[in-house]
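Here's the letter readout for the chains.
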Amino acid sequence: MKETKTDRKKSYFQPTFGNRPDRIIGRDGELNAFIKGLSEPVGARERCTLILGQRGMGKTAMLLEIADRAFAEGFVVARVTAHEHMPSNIIEQIQLNGERYFREEKRHISGINAGAMGFSFGLSFSEPAQQQYGFRAKLSLLCDRLAEKNKGVLILIDEVYTSSAMREVAASYQELVGDQKNIAMCMAGLPHAVSGVLNDKVLTFLNRANKVRLGAISVESIRAYYEQTFHAMGILVDKELLDQSAKMTEGLPYLMQLLGYYLTIYSRDSLKITEEVLNKAHISALKDMDDNVFVPILAPLSDNDRIFLYAMARCSEPVTTAELKEKLGPDGPAIQPYRKRLIESGIIEAPRRGELVFAVPFFDKYLRGINIKQG
């Protein structure tokens, strides 16, 4: 029992955006493909990857896992969130994370050598290089310096969107690939933001990048994870309630974390998951889903986008074009333009011609609830 108490102190569930979960569930194929790509020649498609997914699909967790695995493969990782100062942050991250490989190098380069190589010592730029060189030149110098230690450079960018900083970073990456530098890049973002990046006239080359679209993970994987985790924490749960718990997540990684978190909280005294505990945890988890996932999804949408989604929510899935047209009525928005917009945003999907489904679990139920509240 002493071992169980120790295990219970571990934070298995981390239901906060940007936090690192205990384990990445159901993404082994995508992760392995990217890491394998790092061993491919410079310019290989997998070495430039775009991860697309709605809130709650685990994009940031994927980047964190990739960072660890790439480090083990000999890459110095710069992990940043997209913003206007991103280029300088990338340089700083490479210097900070790569300096460990030069700790024993005590020599100080000065004069002509410093100007030629661009460094004073380690990964610290000489004063002339610091003042005169821009992002691309500094990144190239860092790639060359790290290559001396047989290390590559990996840039990870979260929450990508179209901006001058994104253009500078992406264009520099493309040029350095052309120069055969050992560099790779992985970016993650919401579907509509990534779509904006891909449609930017300066960044169209990113359409050739490997694209990973994160959807729901298998309920069976979640059940296995719950079973192992609750056992490690000393929490008892019977087979039927374990099955119910996994099914309640509908394969959404964020909801898996939320439900697991509340199950551990509400079973803390009894060390047992009962039907009452499960129902209470489910209600709390869905409330957090509303606030942290569904409200932000709706926030940037137009009135007609919302009308379209409300109409879809009142249909049975898969929603046919004929049924949707009937729900929208003669005064509703035209189907095709909003269908296209919402598919590009990753909110709905078209599994077959003439059919639509919601891409995010529970979103249809949430929308029906809003309709009831609005009368």
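On a predicted model such as this, the values are computed, not experimentally measured, just so you know.

One can find Asp364 in helix 17 (residues 363–374). Look past the residues within four positions of Asp364 in its chain and what remains in contact with it is Ala313 and Phe358.

Here we take up the sheet that holds strand 8 (residues 319–320). Judged by pairing direction, the sheet is antiparallel, and its three strands sit side by side in the order 8-10-9 without closing on themselves. Every interior strand has two partners, whereas the edge strands, strand 8 and strand 9 (348–349), have only one. Pairing analysis gives two bridges linking strand 9 to strand 10 (residues 355–358), with the strands arranged antiparallel. Bridge pairing links Glu349 to Val357 in strand 10.

Time to look at the pairing of strand 6 (residues 183–189). Most of strand 6 is tucked away: seven of the seven residues are buried. Neither face of strand 6 is exposed, since Ile183, Met185, Met187 and Gly189 on one face and Ala184, Cys186 and Ala188 on the opposite face are all buried. Both strand 1 (residues 48–52) and strand 6 contribute to a ladder of five bridges, which runs parallel. By the bridge assignment, Ile51 is partnered in strand 6 with Ala188. Two strands pair when backbone bridges link them, and strand 5 (residues 152–158) and strand 6 are joined in this way by five bridges, in the parallel orientation. For Ile157, the partnering residue across the bridge sits in strand 6 and is Met187.

This paragraph deals with the pattern of salt bridges. Between side chains of opposite charge, pairing is possible as soon as their charged atoms come close. Under the counting rule described, the total for this entry stands at 15 salt bridges. Between Asp291 and Lys287 there is a salt bridge, with the nearest N and O atoms lying 2.5 Å from each other. Of the two residues, Asp291 and Lys287 are both situated in helix 13 (residues 275–298); the distance of four residues between them amounts to about one turn of the helix. A relative accessible area of 39% places Asp291 in the partly exposed class. Ionic pairing is found between Arg368 and Asp364, a salt bridge with its closest N-O pair at 3.6 Å. Remark: Asp364 and Arg368 occur in helix 17; sequence separation between them is four residues, near one turn of the helix. Using a relative accessible area of 32% as the deciding quantity, one classes Arg368 as partly exposed.

Let's shift gears to the nonpolar core. Across soluble globular proteins, you tend to see nonpolar side chains buried next to one another. One finds Phe308, Leu309 and Phe363 to be the most contacted residues of the largest nonpolar core, which totals 79 residues. With nine residues, helix 13 is the largest single contributor of residues to this core. Cys143, Val177, Leu203 and Ala209 belong to the second-largest nonpolar core, a separate cluster that totals 43 residues.

For Ala67, the location among the structural elements is in helix 3 (residues 59–72). With a relative accessible area of 13%, Ala67 lands in the buried category. Along the chain, Ala67 and Leu154 lie 87 residues apart, while their C-alpha atoms are 8.2 Å from each other. In this structure, Ala67 is in contact with Val77 and Leu156, ignoring residues within four places of it in sequence.

For the rest of this paragraph, the subject is the packing of aromatic side chains. As enumerated under the stated definition, the model contains eleven aromatic pairs in all. Between Phe363 and Tyr366, the aromatic rings sit 6.2 Å apart at their centres with planes inclined by 10°, giving stacked as the arrangement. With Phe363 and Tyr366 both in helix 17 and three residues apart, this pair spans about one turn of that helix. Each member of the pair, Phe363 together with Tyr366, is buried. Every member of this aromatic cluster is reached through a ring pair, and the members are Phe13, Tyr225, Tyr226 and Phe230. Seen from the ring of Phe119, Arg145 lies directly overhead, with NZ or CZ sitting 5.7 Å from the centre. The cationic tip of Lys280 hangs over the ring face of Tyr266; the distance from NZ or CZ to the ring centre is 4.4 Å.

The rules behind the values
- Residues numbered from 1 in each chain as written.
- Predicted model: local features only at pLDDT ≥ 70, side-chain atom pairs only at ≥ 80, totals over all residues.
- Heavy atoms only, no water.
- Helix = DSSP H or I, 4+ residues; strand = E, 2+ residues; numbered from the N terminus.
- Contact = heavy atoms within 4.5 Å.
- Pairing = 2+ DSSP bridges.
- Buried < 20%, exposed > 50% of the residue type's maximum accessible area, 1.4 Å probe, protein only.
- Salt bridge = Lys/Arg side-chain N within 4 Å of Asp/Glu carboxyl O.
- Core = buried A, V, L, I, M, F, W, Y, C linked by side-chain atoms within 4.5 Å.
- Phe/Tyr/Trp six-rings, centres within 6.5 Å; stacked < 30°, edge-to-face > 60°.
- Lys NZ or Arg CZ within 6 Å of the ring centre and 35° of its normal.

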